[in-house]
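What follows is the residue order along each chain.
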Amino acid sequence: MEMTLTVNGTSHTADVEPRTLLVHHIREGIGLTGTNVGCDTTSCGACTVLLDGQSIKSCTVLAVQVDGQSVTTIEGLAGADGTMHPVQAAFREHHGLQCGYCTPGMVMAAVSLLAEQPNPDERAVREGIEGNLCRCTGYHNIVQAVLSAASAQEGGS
Amino acid sequence: MSILGNRVLRVEDPKLLTSGGTYVADVRVPELDGAAHITYVRSTIAHANITGMEVDEARQAPGVLGVFTAADIDLGVPPLLPMFNQAMARPLLADGVVRFVGEPVAVIVSERPEQGADASELVWPDYDPLPVIVDPMESARDEVLLHPAAGTNVVLALTYGEDPNLFDGCEVVVSEDIVNQRVAVVPLESRSAAAAWVDGRLWQWSSTQNAHGVRDVLAGQYGLDPAAVRVIAPDVGGGFGAKIGVTPEEVLLGWLARRVGRPVRWSETRSENMVAMGHGRGQWQKIEIGGRRDGTVEAYRLTILQDGGAYPNMGALLPWLTRVMAPGTYVIPRVEVASRAVVTNTTCTVAYRGAGRPEATAAIERAMDIFAFEVGMDPVEVRRKNLIPADAFPYTTATDAVYDSGDYEEALDRVLEGAGYQELRAEQARRREAADVVQMGIGVALYVEITAGPTAGSEHARVVVDVDGSATIYTGTSAHGQGHDTAFATLVSSRLGIPMDKITVVHGDTDLVERGQGTMGSRSLQLGGSAVFEAAAEVITRATQIAARLLEVTPGEIAFDDSNGAFRVAGGDEPGVGWPDVAGASKFDGTPLAASVDFQASEPTFPFGAHLAVVDVDTETGQVRLVRFVAVDDAGRILNPLLAEGQRHGGIAQGSAQALLEEVCFDADGNPVTSNLADYAAISATELPSFELIAMETPTPINPLGAKGIGESGTVGSTPAVQSAVVDALGHLGVRHLDMPATAERVWRAIQDAPSGKGA
Ligand code: FES
Ligand code: FES
């Protein structure tokens, strides 16, 4: 099936098998491997991307379902000059990643959370990333990073 | 000023945060162009004879390049560790018998991954079921043998300090049967590997903790010289012990690549990972502890039955480490440990964060709690009374471990003070008095564990300074999230005065790093870091000689400034020479400016700490919530607090997860019932609080950095602290022990069955 998807601002038209998951289309079809796969039950969130600005688990959507829509992956988050998005910067500052495998999904989930809730408290952050598993960090520094990104955005706006 | 001891941000992060890591499945190199995909067909039955296998239909399926079974494979069976019963060795594909659900019975090579998945539905094994053993106790009776040629189900039996009169003279002796349940490792990246034959050499990309170890295993399996195998560990998405060894699925890749004449790629699904990579823990323990009514412990016996799974793996060896650490932080004059590891029709058990030490700590800490309960003392006071005193180090335990350094009472004091122990007890008393629905539990655990062990370890490093003044560090460790690039670059930067951004760290490639033993057992900084540190020192020594020649003085007259990397004539005001000059002169002489060091430790090291957990237990529903976690972890001198804290956080989370909710289960027929991440309760952010960390540093004399391992400590201490807190919340009802995990159902039942009736 021919479909068009805008990924990180660039439009890609391709012939895609109807059963292809969005995450596989992004990774294999478009060649952006930053988005990871960590499970097969929609449980881990490693595959989280933004679809028209909202976080989704790209392992749970067929590519052809999002024909004509727009996706942002971890590769499209930093500014054109390479400046990290405040959430990316906060993850680094607070050591919110270790092996990095959950990180692209976790960062996208956090970006989406802060778009919906610019001023979350700790509980809200924990609930907001509940669908994203991290096996390395114990979540402590991820939570710190998201809280600090929230106050940075607050300060900057 | 030195950057050692500072919170240096990670150099790994910008790439991981902006484009994502390069894990095996992301590797795009010419050698893997046109790679075929590998799909394993796995047993759906726990124990059976394979009486036939229909593969023709699968062979005809679209995109299929080959379907192979045990009959096709002409690689040998990998040998077991020498201490195991060799008649239990595991074939690469099940050969005539399947012994656990998830064991590979056939393998498919296809153009595309989904074609392999489709074809796997067309492989039809015929099974003739055999009796299934899931329970290790049943296995130990040897009534049904999993490996008849072995003559027994026991893989390895060990005894230490056997003494039928161990408890003679004790005023109080208490015992309890406890289960250190099987848990899943769940690195977020499942197993993944790729293989290609390049100019007659086998190249393998592997998601591993130990590239050189993989190389040696593959060389052995393929009858190749190790130099004819190149193993590359790109970014690795977590390991936690389960990626130390080499699994059959990975060993076969080179054979398959040769057979189809193409490179091959393999990435297992999570559902495969949950049944086939290996699980952690799985110890059935009996604890017996005896002593005086005043709280003095005199004797301790630990009897272990280790579930090894279907084929002996690292798991079967864990009781050995459990034995070493059995007495924990306490002076216990008489200790006996007896262990047996047995096979069952379940997934193999492997090393998992802590590997044998959390099991030891959980046992002795439960023992201290039940002993305190029995003699009617505060569990903290019983512990304090029996701690190894600070002036006793180095201290040799009754199990022959030599603890290098420590101050356990100080760790205990710090955690009690940090948590406000007295106030917590007062609040608990208030809630008990008021018969609150939500009761509070407080758990305190002390731990000491062995790192860079079990015997004295070594590691390799090479430091090279180039003519442009940059440095490259080659290390035999194999980071998978620990931040070695940052840690080792910091060490070299501080010694050589070369800025961090001019230092590159190379690891996990056997063609680039001469030798190495990988990252496991909390060994990397203390062994690998010490090697880097000493290699840097040797580079300075060599460079000083060259600088002396260039400046026409003797080496003794050269002063090296480690803040900027300048070599000057001491006392003079000449500008001197820098790294580019000396590296250039060295190169001109025909030798690169470099030093290789194999650091050899004289002993393992023993980090320690005290953890305190506070839980709320809803006595109506049994729901447990971990509300506070306070930790003192002393891993000797800390190089980078940021990295050390990250390790502690991760360890505490994994340890708490075991105490609170994680458990791998099989039904009586050996079917896994927690075989994906929807059914297995991997801990999430909402189930944990933020952690309150308290610093403590007691350097070790064992290595030049004064550092001990920190990677596993969090796991070792947190499990018993949280478990103890849950039991403590029910203590006033007469509950003395509760196995893990503290699910709402288990806690609710314990409340219903409690000696003092229902609820508070
Ligand atoms: S890969 Fe999408 S949720 Fe796990
Ligand atoms: S950083 Fe490894 S899983 Fe999150």
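Each chain has its residues counted from 1, following the order in which its sequence is written. All chains are assigned letters beginning with A, and all ligands numbers beginning with 1, in the order in which they are written. In view of the model being predicted, local features appear only for residues whose pLDDT reaches at least 70, and side-chain atom pairs are presented and counted only at 80 or more, with totals across whole chains, interfaces and linings using the full set of residues. Values reported for side chains reflect all heavy atoms of the structure, with hydrogen atoms and water molecules removed beforehand.

1. Focus: the overall build of chain A
For step 1, the next point in the chain: Along its length, chain A carries five helices and five strands.
For step 2, the next point in the chain: Here a strand is any run of E in DSSP of at least two residues, a helix any run of H or I of at least four, and the numbering for each starts at the N terminus. The helix and strand sequence of chain A, counted from the amino end, reads β-β-α-β-β-β-α-α-α-α.
For step 3, the next point in the chain: For a compact globule the rule gives 2.2 Å times the number of residues to the power 0.38, and the radius of gyration it is set against comes from C-alpha atoms. For chain A, the C-alpha radius of gyration of 15 Å lies close to 15 Å, the compact-globule estimate for 157 residues.
For step 4, the next point in the chain: Counting only contacts in chain A whose residues sit at least 6 apart along the sequence, the fraction spanning at least 24 positions is 58%.
For step 5, the next point in the chain: Of the roughly 5,900 Å² that chain A leaves accessible, carbon and sulfur atoms contribute 48%.
For step 6, the next point in the chain: Charged residues are defined narrowly, with Lys and Arg counted positive, Asp and Glu counted negative, and His plus the chain ends left uncounted. To locate a charge, the coordinates of NZ of Lys, CZ of Arg, CG of Asp or CD of Glu are taken. The average position of the 7 basic charges and that of the 16 acidic charges among the side chains of chain A differ by 11 Å. For this analysis, residues touch if any pair of their heavy atoms sits within 4.5 Å. Using a 1.4 Å probe, the Shrake-Rupley method yields the accessible areas, and only the shown protein chains count as cover for residues.

2. Points about the sheet that holds strand 9 (residues 192-198) of chain B
All names here are of chain B.
For step 1, the next point in the chain: Overall, mixed pairing links the seven strands, which are arranged 3-5-1-12-9-10-11 in an open sheet. Here the strands that pair on one side only, and so sit at the sheet edges, are strand 3 (64-69) and strand 11 (229-232). The average angle at which neighbouring strand axes cross in this sheet is 20°, direction not considered.
For step 2, the next point in the chain: We treat two strands as partners when DSSP finds at least two bridges between them. The sheet contact formed by strand 1 (residues 36-42) and strand 12 (residues 264-267) spans two bridges and is parallel. Residue pairing for strand 12: H37 is matched across the bridge by R265.
For step 3, the next point in the chain: The axes used here are C-alpha line fits, helices contributing only the stretch in contact, and every angle between their N-to-C directions lies in the interval 0 to 180 degrees. In this fold helix 3 (residues 113-120) packs onto strand 1, strand 3 and strand 5 (104-110), with an angle of close to 25° to the strand it touches most, strand 1.
For step 4, the next point in the chain: Seen against the sheet, helix 5 (residues 211-222) touches strand 9, strand 10 (201-206) and strand 11 and runs at an angle of roughly 145° to strand 11.

3. A look at the packing of helix 13 (residues 484-496) of chain B against helix 14 (residues 524-551) of chain B
Each packed pair of helices is defined by two parameters, the angle between the axes and the distance between the axes.
Residues and elements named next belong to chain B.
For step 1, the next point in the chain: Orientation of helix 13 relative to helix 14, taken along the N-to-C sense of each, is 30°, at an axis distance of 9 Å. The pairing of helix 13 with helix 14 is recorded here as roughly parallel in orientation. Like other packed secondary-structure pairs, helix 13 and helix 14 cross with a definite hand, here right-handed. Residue-level contacts link H484, F488, L491, V492, R495 and L496 of helix 13 to S524, L525, G528, G529, V532, F533, A536, A537 and I540 of helix 14.
For step 2, the next point in the chain: Classification convention: Asp, Glu, Lys, Arg as charged; Ala, Val, Leu, Ile, Met, Phe, Trp, Tyr, Cys, Pro as nonpolar; all other residues, Gly among them, as polar. Classifying every residue of the contact of helix 13 with helix 14 gives 10 nonpolar, four polar and one charged. Orientation is classified from the angle alone, with under 35 degrees giving roughly parallel, over 145 giving roughly antiparallel, 65 to 115 giving roughly perpendicular, and any other angle giving oblique. Left-handed is the label given to a crossing in which the near helix is rotated counterclockwise from the far helix by less than a right angle, and right-handed is the label when the rotation is clockwise.

4. Some thoughts on the pairing of strand 1 of chain B
Residues and elements named next belong to chain B.
For step 1, the next point in the chain: The rule is simple: take the accessible area with a 1.4 Å probe, protein chains only, and divide by the maximum for that residue type; under 20% is buried, over 50% is exposed, in between is partly exposed. The buried fraction of strand 1 is high, at seven of seven residues.
For step 2, the next point in the chain: Residues A36, I38, Y40 and R42 point to one face of strand 1 and H37, T39 and V41 to the other, with burial holding for every one of them.
For step 3, the next point in the chain: Two elements, strand 1 and strand 5, share six bridges in a ladder whose sense is antiparallel. Paired with Y40 across the bridge in strand 5 is V107.

5. Let's talk about the sheet that holds strand 27 (residues 692-695) of chain B
All names here are of chain B.
For step 1, the next point in the chain: Spatially, four strands are ordered 18-25-26-27 in an open sheet, and the strand pairing comes out mixed. In the strand order of this sheet, the two ends are held by strand 18 (438-448) and strand 27, each with one partner. The average angle at which neighbouring strand axes cross in this sheet is 10°, direction not considered.
For step 2, the next point in the chain: The pairing of strand 25 (residues 608-618) with strand 26 (residues 624-634) spans 10 bridges and is antiparallel. In the sheet register, H611 faces strand 26, and the bridge partner there is A631.

6. Overview of empty space enclosed by the protein
All names here are of chain B.
For step 1, the next point in the chain: Any residue with an atom within 4 Å of a point lines the site, the site being either a cavity, points on a 1 Å grid over the protein atoms alone where a 1.4 Å probe fits but cannot get out, or a pocket, an open set with protein on both sides within 12 Å along at least 5 of 7 lines. Grid points are joined across faces, edges and corners, and a volume is the space filled by probe spheres set on the points. On inspection of all chains with the given rule, the structure shows five cavities of 30 Å³ or more.
For step 2, the next point in the chain: There is about 70 Å³ of room inside the largest cavity.
For step 3, the next point in the chain: What lines the largest cavity is simply R191, S192, S207, T208, A242, K243, G245, T247 and E250.

7. Quick notes on the interface of chain B and chain A
For step 1, the next point in the chain: With 53 residues of chain B in contact, the opposing surface of chain A contributes 48 residues.
For step 2, the next point in the chain: Where chain B abuts chain A, roughly 4,200 Å² becomes buried across the two surfaces, and 54% of that area is made up of carbon and sulfur atoms.
For step 3, the next point in the chain: Accessible area, probed at 1.4 Å, shrinks when two parts are joined; the buried area is that loss added up over both. Broken down residue by residue, the surface that chain B buries against chain A is led by B:L17, B:L188 and B:T686, which jointly contribute 18%.
For step 4, the next point in the chain: Only one rule defines a salt bridge in this text: a Lys or Arg side-chain nitrogen within 4 Å of an Asp or Glu carboxyl oxygen. Scanning the region where chain B abuts chain A turns up four salt bridges.
For step 5, the next point in the chain: The partner of A:R27 in a salt bridge is B:D26, and the shortest N-O contact between them spans 2.7 Å.
For step 6, the next point in the chain: Polar contacts, as used here, are pairs of N or O atoms within 3.5 Å; protein pairs need one atom able to donate a hydrogen and one able to accept it. Residues neighboring in sequence count only if both atoms are side-chain atoms. Our count for the chain B to chain A interface comes out at 31 residue pairs in polar contact (both at pLDDT 80 or more).

8. Focus: the nonpolar core
In a soluble, globular protein the nonpolar side chains are often hidden away together inside.
For step 1, the next point in the chain: Core analysis: the largest hydrophobic core is formed by 86 residues, its most contacted members being A:F91, A:Y139, B:F629, B:L730 and B:V747.
For step 2, the next point in the chain: Within the second largest apolar cluster, 56 residues are counted, among which are B:L321, B:V380, B:I388 and B:Y395. Residues belong to a common nonpolar core when they are buried Ala, Val, Leu, Ile, Met, Phe, Trp, Tyr or Cys residues joined through side-chain atoms within 4.5 Å.

9. Looking at the side chain of B:E712
Residues and elements named next belong to chain B.
For step 1, the next point in the chain: Mapped onto the secondary structure, E712 falls in the loop between strand 27 and helix 17 (713-729).
For step 2, the next point in the chain: Residue classification places E712 among the buried residues on the basis of a relative accessible area of 9%.
For step 3, the next point in the chain: A polar contact of 2.6 Å, which involves the side chain of E712, links it to the side chain of S522.
For step 4, the next point in the chain: Here E712 is in contact with R353, G354, A355, R357, E449, G521 and S522, once residues within four sequence places are set aside.

10. Thoughts on the domain arrangement of chain B
Residue and element names in this part refer to chain B.
For step 1, the next point in the chain: Its domain assignment divides chain B into domain 1 (279-453 + 604-753) and domain 2 (458-600).
For step 2, the next point in the chain: The C-alpha-based centres of domain 1 and domain 2 are spaced at 40 Å.
For step 3, the next point in the chain: The interface is formed by 19 residues belonging to domain 1 together with 17 residues belonging to domain 2.
For step 4, the next point in the chain: When the two sides are added together, the surface that domain 1 and domain 2 hide from each other amounts to roughly 1,300 Å², 67% of it contributed by carbon and sulfur.
For step 5, the next point in the chain: Here domain 1 is connected to domain 2 by zero salt bridges.
For step 6, the next point in the chain: Summed over the shared surface of domain 1 and domain 2, the result is five residue pairs in polar contact (both at pLDDT 80 or more).
For step 7, the next point in the chain: Its residues placed into classes, the side of domain 1 that touches domain 2 shows eight nonpolar, seven polar and four charged. Domain limits in this description derive from either an automatic procedure or a database domain assignment.

11. Quick look at the side chain of B:T472
All names here are of chain B.
For step 1, the next point in the chain: As for its position among the elements, T472 is in strand 20 (residues 471-475).
For step 2, the next point in the chain: For T472, a relative accessible area of 19% puts it in the buried group.
For step 3, the next point in the chain: Setting aside residues up to four positions removed in sequence, T472 forms contacts with R462, V463, V464, T504 and V506.

12. What to know about the packing of aromatic side chains
Residue and element names in this part refer to chain B.
For step 1, the next point in the chain: Here a pair means two rings of Phe, Tyr or Trp (six-membered ring of Trp) with centres within 6.5 Å. Their orientation is stacked below 30 degrees between planes, edge-to-face above 60, and tilted elsewhere. Tallied over the entire structure, the rule returns 14 aromatic pairs over all chains.
For step 2, the next point in the chain: Plain terms: the ring middles of W197 and Y222 are 5.9 Å apart, the flat faces sit at 70° to each other, and that makes the pair edge-to-face. Within this pair, whereas W197 is found in strand 9, its partner Y222 is found in helix 5, the two being separated by 25 residues in sequence.
For step 3, the next point in the chain: Among the residues examined, Y222 registers a relative accessible area of 10% and is labelled buried.
For step 4, the next point in the chain: Taken together, F393, Y408 and F608 form an aromatic cluster joined through their ring pairs.

13. Description of the domain arrangement of chain A
Buried accessible area, meaning the area lost when the parts come together, often serves as the stated size of an interface.
All names here are of chain A.
For step 1, the next point in the chain: Taken domain by domain, chain A comprises domain 1 (2-76) and domain 2 (86-156).
For step 2, the next point in the chain: Inter-centroid distance (C-alpha atoms) of domain 1 to domain 2 is 21 Å.
For step 3, the next point in the chain: Listed per partner, the contact involves 17 residues of domain 1 and 14 residues of domain 2.
For step 4, the next point in the chain: Taken together, the two surfaces of domain 1 and domain 2 that pack against each other cover about 1,200 Å², and 57% of this comes from carbon and sulfur.
For step 5, the next point in the chain: The largest share of the area that domain 1 buries against domain 2 comes from N36, T48 and I74, three residues that together contribute 38% of it.
For step 6, the next point in the chain: For the pair domain 1 and domain 2, the number of links is zero salt bridges.
For step 7, the next point in the chain: Tallied by class, residues from the side of domain 1 that touches domain 2 come to six nonpolar, 10 polar and one charged.

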